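So you can see what is in the structure, the chains are spelled out below.
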Amino acid sequence: MTSLPHHRYLLSRLQREWNLIRGRRSTLQHASTWELTPRMLSSLDELLVLTGLGVEPADPSSDENLGRLVLLARHDDLAARVVLQRMLPGLSACAKRNSASFETQLDALDELLSEAWTVIRSFPIEQRSRYVIKNLLRDCEYRAFLKARRRLLVHELTDPAKFDLTIATHEAAAEPLATILELLGQARRAGMSEADQALVMTLLSTSTVKQAAAAMRVTDRTVRNRRHAVVRQLQALANAA
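Notes on the structure follow. (Residues numbered from 1 in each chain as written. Predicted model: local features only at pLDDT ≥ 70, side-chain atom pairs only at ≥ 80, totals over all residues. Heavy atoms only, no water.)

**Comments concerning helix α4 (residues 60–73)**
Which entries qualify depends on this criterion: Under the DSSP-based scheme used, a helix requires at least four consecutive residues in state H or I and a strand at least two consecutive residues in state E, with every element numbered from the N terminus. Take the number of residues in a helix, subtract one, and multiply by 1.5 Å to get its expected span. The buried label goes to any residue with under 20% of its type's maximum accessible area, the exposed label to any with over 50%, and the partly exposed label to all in between, with areas taken from a 1.4 Å probe on protein chains only.
Between its first and last C-alpha atoms α4 spans 21 Å; for 14 residues at 1.5 Å apiece the expected length is 20 Å, and the two agree. Along α4, the positions that sit buried rather than exposed are Ser62, Asn65, Leu66, Gly67, Leu69, Val70 and Ala73.

**As for unusual backbone geometry**
Positive phi values are uncommon outside glycine, yet glutamate 35 reaches one of about 60°. With respect to the secondary-structure elements, glutamate 35 resides in the loop between α2 (25–32) and α3 (45–50).

**Quick look at helix α6 (residues 102–122)**
With 21 residues, α6 should reach 30 Å at 1.5 Å per residue; the first-to-last C-alpha distance of 30 Å fits that figure. Restricting attention to buried positions, one finds in α6 the residues Leu106, Asp107, Ala108, Leu109, Asp110, Glu111, Leu112, Leu113, Glu115, Ala116, Val119 and Ile120.

**Let's talk about the packing of helix α11 (residues 209–216) against helix α12 (residues 220–240)**
Each pair of packed helices can be described by the angle between their axes along with the distance between the axes. As a reminder of what qualifies: All axes here are fitted lines through C-alpha atoms, helices being fitted over the stretch that makes contact, and every angle between N-to-C directions spans 0 to 180 degrees. Any angle that is under 35 degrees is reported as roughly parallel, and any over 145 degrees as roughly antiparallel; angles of 65 to 115 degrees are reported as roughly perpendicular and all others as oblique. When checking whether two residues touch, look at their non-hydrogen atoms; a contact exists if any pair is within 4.5 Å.
Look at α11 against α12: their axes get within 8 Å of each other, and the N-to-C directions meet at 105°. In terms of axis orientation, α11 runs roughly perpendicular to α12. Across the interface between the two elements, Val209, Lys210, Ala212, Ala213 and Met216 of α11 pack against Asp220, Val223, Arg224, Arg226 and Arg227 of α12.

**Considerations on the packing of α6 against α12**
Formally: Two helices crossing with the near one rotated counterclockwise from the far one by less than a right angle form a left-handed crossing, whereas a clockwise rotation gives a right-handed crossing. Each residue gets one of three labels, nonpolar for Ala, Val, Leu, Ile, Met, Phe, Trp, Tyr, Cys and Pro, charged for Asp, Glu, Lys and Arg, and polar for the others, Gly among them.
It is at 11 Å that the axes of α6 and α12 come closest, and there the two elements cross at 25°. Considering their axes alone, α6 and α12 lie roughly parallel with respect to each other. Taken as a pair, α6 and α12 cross one another with a handedness that is left-handed. On the side of α6, the interface is formed by Glu103, Asp107, Asp110, Glu111 and Ser114, while α12 contributes Asp220, Arg221, Arg224 and Arg227. When grouped by side-chain class, the residues that make up the contact of α6 with α12 number no nonpolar, 1 polar and 8 charged.

**Here's the deal with the state of the cysteines**
What counts here: A pair of sulfur atoms, both from cysteines and within 2.5 Å, is called a disulfide here.
Throughout the structure, instances matching the rule amount to 0 disulfides. You can see cysteine 140 has no disulfide; the closest cysteine sulfur is in cysteine 94, sitting 7.9 Å from it. Under the relative-accessibility criterion, cysteine 140 is labelled buried at 0%.

**Side note on the nonpolar core**
Note the following rule: The term nonpolar core refers to a set of buried residues drawn from Ala, Val, Leu, Ile, Met, Phe, Trp, Tyr and Cys, joined through side-chain atoms within 4.5 Å.
Ranked by size, the top nonpolar core spans 44 residues in total, and within it Trp34, Met87, Leu91, Leu113 and Leu136 carry the most contacts. Contributions of two or more residues to this core are made by α1 (10–21), α2, α3, α4, α5 (77–97), α6 and α7 (132–157). The dominant element in this core, judged by the number of residues it contributes, is α5, at 11 residues. Apart from the residues lying within four places of it in its own chain, the contact partners of leucine 91 are Leu84, Leu109, Leu112, Leu113, Ala116, Leu137 and Cys140. In terms of nonpolar packing, the next biggest core, distinct from the first, is built from 12 residues, Leu184, Leu199, Val200 and Ala213 among them.

Written out as structure tokens, the structure is:
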């Protein structure tokens, strides 16, 4: 049996978390209120089967059940976590498609998992109620790998004569950036280290973790680990404001 990757990878941490919560009485009571089954659940794994995991041929009700969870996931952390667990096999396959080796596959999976929560929370299930799992995975792949490439391609092909129009069209994008910079100023005054400040600025000026790692001359995993810590600092400041 192949062992799980080292604990530094998100997949391993997520699986350990799932093993802890899937049979916990409080989570089962909460999940049973969603009424996907007529009885109280004995394990959260039942929800994975109800949403199509390991079911061949695909049951038409799988889309409906997964769609109900996605709708709940907008405001329910546990529902979002179940959807994420349902996506893990597909995310692993997607990482393999976008990797050249086992080591880069694990890094690619971290990229996908970093995007998955946002995709789950914001998925427009009302407009995309069919092939839900495929569409969720496709959106994660686009955000993790294709969006940055497409942005770079568009940038390379842009006629210089259109730069002024492009800037005018995207003036609204300056507002979120200004908010981030204002928050960064608060973090600086609160004692954030110069190294963490530099990390934030590097992330803002690059499109991918790989680019940021190259600019800082560190590994991708180092950037991810430091990014998570910095994000927590910024979130704490934002919540305190």
